[in-house]
Amino acid sequence: MRLDRFISKHTEHSHQTARLLVARGRVRVNQQQVHDLRADIDRFATVTLDGEVLQENTAHYLMLHKPVGYLSATRDPCHPTVLELVAPELRPCLHIGGRLDRSTSGLLILTNDGLWSRRLTEPKLKVPKVYHLRTAAPISAETAHRFAEGIYLSYEDLTTSPAQLQQLGEREARLTIYEGRYHQVKRMFTAVGNRIVALHRERMGSIDLGEDLSSGAYRALTPIEIASVG
Ligand code: URA
């Protein structure tokens, strides 16, 4: 929203007075005096008029190393949830960008920026999600080919985008998929007559869990990681 419209919407001042206030340098956006009436005010800008706060929203972008056994939910009567691993003051505003099953570990994104997280998870945008996995039976020779062709998911009546399987051992592989359908990796392996016994998400887009974050710990994303989405 334009700055002059923002001022008249968030105060009792008319549009005309709002313009005057901006021109006189009485409005600050993110601590800076702003004179441009058309400056864009997004939902995370801090805006003050004569020092009085009109809007103060902080954007939070976190990566969490999800342990096995935690639910990707805000609360649950039976199981611990990933939100319980985060500082209590952050919990009310955060949502999960791309859930993981209770039995899956690895990279989980928590944010209060819904537009941003949609760009990470929207299937049409085909952001790569990379999983390390182990299977119950040896991975057959045709699995990589079947995944590259796409697997038909009858419930959604769609075929998954071509996925890349890099075999690391007889029952171990790294899989890159481009959507995040419900139980997608498990269902893909079921479709080829196998079963996942361990699943760990390593990366979403260029956001990499890395080796330094221990299971259950979280950290703020860096500006470069945030900017890499979209
Ligand atoms: N695919 C699954 O089957 N489970 C997950 O948690 C993530 C992707």
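Quick notes on the rules
- Residues numbered from 1 in each chain as written.
- Predicted model: local features only at pLDDT ≥ 70, side-chain atom pairs only at ≥ 80, totals over all residues.
- Heavy atoms only, no water.
- Buried < 20%, exposed > 50% of the residue type's maximum accessible area, 1.4 Å probe, protein only.
- Helix = DSSP H or I, 4+ residues; strand = E, 2+ residues; numbered from the N terminus.
- Pairing = 2+ DSSP bridges.
- Arc of directions from axis to C-beta.
- Polar contact = N/O pair within 3.5 Å; in protein donor to acceptor, adjacent residues only side chain to side chain.
- Contact = heavy atoms within 4.5 Å.
- Axes fitted to C-alpha atoms, helices over the stretch in contact; angles between N-to-C directions.

The next thing to look at is the pairing of strand β5 (residues 61-66). With 6 of 6 residues buried, β5 is to be regarded as a mostly interior element. Residues of β5 alternate between two faces, with Y61, M63 and H65 on one and L62, L64 and K66 on the opposite face, all of them buried. Pairing of β5 with strand β7 (residues 104-111) involves 6 bridges; the strand directions are antiparallel. Bridge assignment links L62 to a residue of β7, and that residue is L110. Judged from the 3 bridges that link them, β5 and strand β15 (residues 218-220) form a sheet pairing that is antiparallel. Within the sheet, the bridge partner assigned to L62 lies in β15 and is A220.

What follows covers helix α3 (residues 114-121). Where α3 is concerned, the buried positions are G114, W116, S117 and L120. Projection of α3 onto a plane perpendicular to its axis shows the buried side chains occupying an angular sector of 155 degrees, all on one side. Measuring from the side-chain oxygen of the N-cap residue of α3 to the backbone nitrogen of L115 gives 3.4 Å; that N-cap residue is D113.

Moving on, we come to the sheet that holds strand β1 (residues 27-29). Reading across from one edge, β2-β1-β3-β4 is the order of the 4 strands in this open sheet, with antiparallel pairing throughout. The outermost strands of the open sheet, each flanked by one partner alone, are β2 (32-33) and β4 (52-55). By the bridge criterion, 2 bridges tie β1 to β2 in an arrangement that is antiparallel. Across the sheet, residue V29 finds its bridge partner in β2, namely Q32. Lying over the sheet, helix α1 (residues 3-10) contacts β1, β3 (47-49) and β4, oriented at roughly 105 degrees with respect to β4.

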